[in-house]
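The primary structure of each chain is shown beneath.
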Amino acid sequence: MATKTRMDPITLQILQSNLISIVDEMEANMTRTAYSPIVYEVKDLCAALLDTEARIVAQARGGLPIFLADMGAPVQAGIDQFGLDGFAPGDVVLVNAPNATGQHLNNVVAFSPIFDGVDLLGFSAVRAHWSDIGGAVPGSFSTISADVYSEGLVLNAIKLVVGGVEDPQIKRFIESNIRYPVATFGDFRAQLAACRIGERRYGELIRRYGRELVADGVQQIWDRSEAAARKRVTETADGVYEAHSFLDDDGINTDPVRIQVKVTVEGDRMMVDLSGSAPEVSGNINCGVSASTAAVRVAFKSFVSGDTPSDEGSFRPLEVHVPPGTFLSAREPSAMGQWSACVPLLIDTVLLALSGADQERVPAAHHGSLGPYIWTGVNRLGEEFVHVDTCVGGWGGSPGRDGGVGLKTYMHGDTHTVPSEIEEAMFPLHVNHHRLVPDSCGHGQWRGGLASEKSYTSTGIANLTFALERKHTRPWGRGGGTEGTYNRLSQIGADGEMLIEEQQKGTLLACPEGVTVVLMSGSGGGSGDPKLRPRELVEEDLLNENITPAVARDVYGWVPAEGSSS
Amino acid sequence: MQRSAAAIDIGGTFTDIVCVNPDGVLVANKVLTTLPNQGIGAANGLSEIQKDLSAVGTVKHGTTAIINAVLERKGSVTALVTTAGFRDVIELGRGNRPRAYDIFYKHPTPFVPRHLRFELDARLDALGQEIRPIDEAAVSEVAGKLKAKGVDAVAVSFINSYVDVVHEATVARMLEQLLGDDVFVTTGSELSREWREFERTSTAVLNGYVGPMSKQYLGRFARELTGAGFGGNLELMQSNGGVFSVGDAVRQPIMLLESGPVAGIIGAAELGIVHGHRDILAFDMGGTTAKAALITDGQADIQSTYFVGGYEAGYPLLIPVVDVVEIGTGGGSIAWIDDLGGLAVGPHSAGSTPGPACYGQGGTEATVTDANLLLGRLDANNFLGGQITLDSEAARQALSSESYSSLGLDDVRLADGVIQIATLAMANAMRRVTVERGRDPREFAMVAYGGAGPLHATALAEELGITRVIIPPMPGHFSAWGMLNAPTRRDFTRSRLVILNSPSVKGIVAEIAELLWQDAAEFVATLDGEPGVEHVAEARYQGQEHTIRVKLDVDDFDIATFTERFEHDYEKQFGHRSEGELVEIVHIRLVVTVPFDVEVPSPSSTYESEDAGETSSRPVYYSRAGWLDASVVARAGLEVGATLDGPAIIEEHASTTVVGPDTLVTVLHDGSLLLERKVD
């Protein structure tokens, strides 16, 4: 390693711990003061410190796992715009341009320069999902937008705050073009306050240790992260591993959309090539290179080691290649409203390829549908409301253990569903049930987690926008295990007639009073031959009504004990 | 002569007892915990220091037995009776994965398996209106199944019962009649009136799970005390920082989970008030963990959702628990090299067997205690009053072990590194309760206790910029002393969204206050004298999720006054406010307390029996200064008003206080040590 070692290992450890505590504090403050459920509950946010080359010094750990060392590109876009000498203390820059972020417009990065006197030290940055960024539909969330202009405002490195003073014209301009300006600017204030925490505490750190020592220390931290990751890659068998899968459709056309993955492990390097994936699509499930790269990084990190910090060094052994022109390397003005639709399946597919190198470290597929559903309408007080959540479903089985239930996807982390009691208290919705679906799992010696089903009846004016996945490429089983079920919605009229038998995507589906919708999630794939499942586990599943006797007999080869009534 | 009172704090290894005897003198005892009947050791231990138990008017008791039953999954066979369509709520949880990147993640296994969860079709809506009534025949049918399954406990928890308890109460009463006394029946709404069905159901289930064993434990404990001659009130320490009657404890054993750690925090608050500090950081360090809590204006903060076994373990409880941050750093914490090649300390602990290497019981990995010994901060011949002789050579060997060689540090620098990393981990825990809540730790005094607290308090205070540290007398027994001081207390909470946008709000607040007073009526009726009453609102800007706690004046509620108080507190915590935006109240909590009416003297009186010893000196390693010659004094020999300059080591029976080189120690009137760091 080229860096001269100036910092002893203890001080280095203390520096790293301090850096992580800064970004965690930024994120904690943001979560506690956010206005939008998607920020404080879904944790659709992320906080980071970057150096003057837009490299990640530290990134917080509590946000969505997908936000993995991916704050560099938006900050770089700001540097490109203003130049390193174009910042002054107190500035705050907004970036959501898909060419920089690779994500949908709602994900707005706010960043501010950190100064020591007149010297620029780096940047403090916070990304948050704004509830609305304008465009054709409430929440800027549709399944049918066809270009970026219909999705909302593009903020391409806009200085909203100049030298500590908010620019009233820019603020008025944004306010006039988005639907929930009060909540959104509430979230922005939370972002701003979090940036200020980063500025202040990073400044304190520099004053305590000195700039040079911190810079050297950060290099050493990166080198350490890199060495740890390389060691894990070296432990993985060399080889070329391929897998592919299909998203159901792009929201406009009905053709399935291919994801192609080739993983090459060579000593301490891992190359992931997404060549062969489908071209840019006319619907809005496109995403940019930085988003598809982040998805690959999630798979990489889940495979090699989940509990180390994320920084510039941790991904040095990983090279991701996404050729231009694919739907995973889209550019403006392609629509990217549903940019993350591909993420759970892309992670699953990279892991499937990697399972060729090591079966033990990869379960069968999970339900794998991001599954956002958004209720809009009018609440009991006559006010407009928006309520966002995502489906939970089953995860895949793996040797020695059944898959979990009631979980979001691999791109989610500590993300909570909204309780039924709060939904009933705040929105014109009655929850009929939220339950597991017996027999729904992918079967196997170690079965997948069961699907779950949530049923709502509208008690007023409500519309539902939803985007479900995995009908084409169902959650696969492994080693003789069967595949899981896919995600679907059905709708039943007030007098009991079936209005929609099954549908995966819809925008502003009307659900007037008395109409019921049932969201059924997918389940996890099974692992190993179901006939090898230990008898006591089959009987436990029967006792708990996770499976029916018919499935126990037909799939698991279970024979009732003599004299038994079942 | 005054009424005598005692506190008995039972842990896994030791039972700590303090007692104010009829002459008003404080006596203390530490005995081994007796298993399986902890009451025997407790009654004997109390009799040793207070011969006539009939003179004892009150015994306050805290125990780790209940939380251990949960952590070790040794509770009863428990069933759940819930709303049709919702029996899987406790299995589905909230959909979250606390360990990002764990692709094998599963929610923790529910305490009630699916086949013991039964559904009833009764249903209320979110306003408390009945949609479908209780079908009595269906309840009888469920009761039949419960009998057939042979369950010991039943939790009844229905959707929307936070609004109206009628369905839960009715079904619980029917089940009690149908199942008889041998089955423990509990409901979610008698434990919590807050919304969120997963958390409230989880609370009911865990209360059921520990119900039968707690009833048995408390009965046995009371019998042992009675058998030894005790005829007074037995009160139990709750996680909210107060005590309640044994009768209440039998109904609500779940309130007893964190009684030990919380008692120490109550003690820290009490001690702070004695010395004129109303803002205190309580720091408690023992063999396996360190705990931190914030005390503001003489009161410990309360959190309303608590996770038993830690957040990742995932069993939430909607009960008031003193807000404690706990981390796996204690005297026995093991130093190791992490994935990145860095030095890490804890949470793995050497425990009591084999214990730290220096215990000479076969431990080979270096622990915090080994580092303390090598650096001269502990005396090999004076550990636990000389009961154990520590093996310095074993500590040195552990710290010179090959497993740490990649760091390239000699044993002393490694030992110092272990102390620094442990200190940093504790400082970060303290930052979570201060800085992340908008409080500046430098404005606080630290009260440090627990066997290892005084050893590390100086370095920790320095890291946080705290200049004043108070070490109570008898830091190893401090939790029991805190328990003895605890008031009688119950908390009652109601969830209801109240948007502060019209004059009618005043009426709504009064209405909720009235409901809370009805909830409290039964408890208040049991109290002697006038209780202290306080209301706290959990409030936020309209549209936010997370709330902050703000004092509420229910008799003279005024939107402008409340909003100003909310915004003031909000800005203090988060650094900004959103003037002009609507504020809403989500929950209102009523806290009813009666202070303990027995005068509890300072624990310092217990030093009289100890030998003062002579002052000596030895080399002690300090992180910044290196090796210094520190004076070594016995705490029992320090008189009130005495001062002492650091560097120094102050030794007593179960603890050692490390005094930094730039620190002045003053012995306060109650025998507490005040350590003041001279700031340059």
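Above this text is the structure in question.
A. Structural view of the pattern of salt bridges. Scanning the model with the defined rule gives 69 salt bridges over all chains in all. Taking the shortest distance from any N to any O, the salt bridge between R489 of chain B and D491 of chain B comes out at 2.8 Å. For the pair formed by R489 of chain B and D491 of chain B, the shared burial category is buried. A single network of salt bridges, built from pairs that share partners, joins D223, E226, R230, D268 and R316 of chain A.

B. Inspection of the sheet that holds strand β29 (residues 616–622) of chain B at higher detail. All names here are of chain B. Spatial ordering of the open sheet is given by β29-β30-β32-β33, a layout of four strands whose pairing is mixed. Two strands lie at the open edges of the sheet, namely β29 and β33 (655–659), each paired on one side alone. Averaged over all adjacent pairs, the angle separating strand axes in this sheet is 30°, with direction ignored.

C. Broad picture of the nonpolar core. Counting residues in each nonpolar core, the largest one holds 92 residues, and the members touching the most others are L19, M26, L49 and Y202 of chain A together with F283 and M446 of chain B. Tallying contributions element by element places helix α11 (residues 411–433) of chain B first for this core, with 13 residues. Once residues within four sequence positions are removed from consideration, Y202 of chain A is found in contact with L19, I22, L49, I114, L121 and V214 of chain A.

D. Here's a closer look at the interface of chain A and chain B. Taken together, the 86 residues of chain A in the interface contact 72 residues of chain B. Buried area between chain A and chain B, summed over both chains or domains, comes out near 6,700 Å², and the portion from carbon and sulfur atoms is 55%. Contact with chain B buries surface across chain A, with R32, Y35 and E421 of chain A losing the most and accounting together for 12% of the total. Viewed at the interface, chain B and chain A are joined by six salt bridges. R232 of chain A serves as the salt-bridge partner of D339 of chain B, at 3.0 Å between the closest nitrogen and oxygen. Where chain A touches chain B, the interface holds 35 residue pairs in polar contact (both at pLDDT 80 or more). Those elements giving two or more residues to the side of chain A that touches chain B turn out to be α1 (9–33), α6 (181–209), α7 (211–234), α8 (289–304), α10 (420–426) and β14 (429–436) of chain A. Looking at the side of chain A that touches chain B, the element that brings in the most residues is α1 of chain A, giving 15 residues. Its residues assigned to classes, the side of chain A that touches chain B comprises 32 nonpolar, 31 polar and 23 charged.

E. Region of interest: the packing of aromatic side chains. All names here are of chain B. For the coordinates displayed, the defined rule picks out 24 aromatic pairs over all chains. Here Y162 and W195 contribute two aromatic rings whose centre-to-centre distance is 6.0 Å and whose plane-to-plane angle is 70°, an arrangement assigned as edge-to-face. With Y162 in the loop between β9 (153–157) and α5 (166–179) and W195 in the loop between β10 (184–187) and α6 (197–227), the pair connects residues that are 33 residues apart, well separated along the chain. The pair Y162 / W195 is uniform in exposure class, with both members buried. For the ring pair F478 and W481, a centre distance of 5.5 Å and an interplane angle of 25° mean the geometry is stacked. One end of the pair, F478, and the other, W481, are both in helix α13 (residues 478–485), three residues apart, so they sit about a helical turn from each other. Comparing F478 with W481 shows no difference in burial state: the two are buried.

Procedures and definitions
Residues numbered from 1 in each chain as written. Chains lettered and ligands numbered in written order. Predicted model: local features only at pLDDT ≥ 70, side-chain atom pairs only at ≥ 80, totals over all residues. Heavy atoms only, no water. Salt bridge = Lys/Arg side-chain N within 4 Å of Asp/Glu carboxyl O. Buried < 20%, exposed > 50% of the residue type's maximum accessible area, 1.4 Å probe, protein only. Pairing = 2+ DSSP bridges. Helix = DSSP H or I, 4+ residues; strand = E, 2+ residues; numbered from the N terminus. Axes fitted to C-alpha atoms, helices over the stretch in contact; angles between N-to-C directions. Core = buried A, V, L, I, M, F, W, Y, C linked by side-chain atoms within 4.5 Å. Contact = heavy atoms within 4.5 Å. Buried area = accessible area lost by both parts, 1.4 Å probe. Polar contact = N/O pair within 3.5 Å; in protein donor to acceptor, adjacent residues only side chain to side chain. Nonpolar A, V, L, I, M, F, W, Y, C, P; charged D, E, K, R; others polar. Phe/Tyr/Trp six-rings, centres within 6.5 Å; stacked < 30°, edge-to-face > 60°.

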